[in-house]
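# An overview of the molecular structure
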Amino acid sequence: SDEDADFMRSLVIHDDGDVIAINKPYGLAVQGGTKIGRHVDGMLDALMNKEGVRPRLVHRLDKDTSGVLLLARSAKVAKALGERFKSREIRKIYWAVVTRVPESQAGAIRAPIIKAGGANKERMVVDDKEGKKSVTEYEVIEHAHRQAAFLAFWPRTGRTHQIRVHAELMGCPILGDKKYKGLPHEGYHDPEEFDLTQMELADRLHLHAHRITCSHPTQKGALDIVAPLSPELKKSWKSLGFDSSFKGDIFENVKI
């Protein structure tokens, strides 16, 4: 529809003729599936160029995760970006608010992940024997007492729900994560600290794909794209006293 086309065009934050990036909002699926009618892939006609070429998806984000999503203008560019993802050349930095402050200011979580079976098939779980290698770097940017922290995550591997599973494993689930225990509730807080349930926080998963960097597939130099936080996340950041305009590269000295 014209409304969907206008909506898709409003999400574009980068378009150099070869690579497009959109700031995907919370709640919008990237591809179709069971009970999913409206999704990014189904609306890409809105971003066709003058030659009528429809852009292609390069990677995915969870429906509940917002932020940078890359698209390619051609099969050649899609292949080149895909190779960067496979080789781990791409640096994907996520921002999150977690419930509880990690014991260590920074570190790496190494825990193999696999899809849970049975009734929990939509969850991913840590499995040292059958799971696929999964590594996530993290660093605390700011914290609000011991109750919450603003973290930067860098998933070195690209497993489904990887950051969410690793945050839960660390004992610091992401705020608003209904699947991985990130919901503040009565009795959850330390009586000596503030109560998250009494704060003005967005009713959503507080995980955002903040930045993607890699070498550009067709041009000299680097591709470096930042997706601003949505208004509802900015409200949460402000409520917790966190700086949503933080611009430092927290993993600058960490090798690819």
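For every chain, the first residue of the written sequence is number 1, and numbering continues from 1 onward in sequence order. Given that this is a predicted model, residues contribute local features only at a pLDDT of at least 70 and side-chain atom pairs are listed and counted only at 80 or more, while totals for whole chains, interfaces and linings are drawn from all residues. Side-chain numbers come from the whole structure's heavy atoms, not from hydrogens or water.

Centres within 6.5 Å make a pair out of two Phe, Tyr or Trp rings, where for Trp the six-membered ring is used; the pair is then stacked when the planes are under 30 degrees apart, edge-to-face when over 60, and tilted otherwise. Across all of its chains, the model carries six aromatic pairs by this definition. With centroids separated by 5.0 Å and ring planes inclined at 75°, the aromatic side chains of W95 and F150 adopt a geometry described as edge-to-face. In this pair, W95 sits in strand β5 (residues 91-99) while F150 sits in strand β10 (residues 148-155), placing the two residues 55 residues apart along the sequence. Considered together, W95 and F150 belong to a single accessibility category, that of buried residues. On the numbers, 5.8 Å between centres and 55° between planes, the contact of W154 with F251 is tilted. Of this pair, W154 sits in strand β10 while F251 sits in the segment after α4 (231-240), and the two are 97 residues apart along the sequence. With a relative accessible area of 2%, F251 lands in the buried category. One aromatic cluster is present, built from ring pairs that chain together W95, F150, W237, F242 and F246. Throughout this description, the term charge over a ring refers to an Arg CZ or Lys NZ atom that lies within 6 Å of the ring centre and within 35 degrees of the ring normal. Above the face of the W154 ring, R91 is positioned so that its terminal group lies 4.4 Å from the ring centre. Directly above the ring of W154 sits R156, whose terminal nitrogen or CZ lies 4.0 Å from the centroid. Put simply, DSSP H or I for four residues or longer makes a helix, DSSP E for two residues or longer makes a strand, and each gets a number counted from the N terminus. Partly exposed describes any residue whose relative accessible area lies between the buried limit of under 20% and the exposed limit of over 50%, with all areas from a 1.4 Å probe on protein chains only and scaled to the type maximum.

With that settled, the discussion passes to the side chain of T157. The topology assignment puts T157 in the loop between β10 and α3 (162-169). Within polar-contact distance, the side chain of T157 engages the backbone nitrogen of V135 at 2.9 Å. What makes two residues a contact is simply this: any of their non-hydrogen atoms within 4.5 Å. When sequence neighbours within four positions are dropped, the list of residues in contact with T157 reads R88, K133, S134, V135 and Q162. Polar contacts here mean pairs of N or O atoms no more than 3.5 Å apart (in protein, one a potential hydrogen donor and the other a potential acceptor; neighbouring residues in sequence count only if both atoms are side-chain atoms).

This part takes up the pattern of salt bridges. Salt bridge criterion: a side-chain nitrogen from Lys or Arg within 4 Å of a carboxyl oxygen from Asp or Glu. A complete count under the given rule lists 12 salt bridges for this structure. Where R54 meets D45, a salt bridge forms, and the shortest distance between an N and an O atom there is 2.6 Å. Classification of R54 by relative accessible area gives partly exposed; the value is 31%. Of the charged contacts, one joins E232 and R204 as a salt bridge, the two residues approaching to 3.1 Å between their closest N and O atoms. Taken together, the residues span a long stretch of sequence, with E232 in helix α4 and R204 in the loop between α3 and β11 (207-215) at a distance of 28 residues. Assessed through its relative accessible area of 31%, E232 is described here as partly exposed. One salt-bridge network, held together by shared partners, links D41, D45 and R54.

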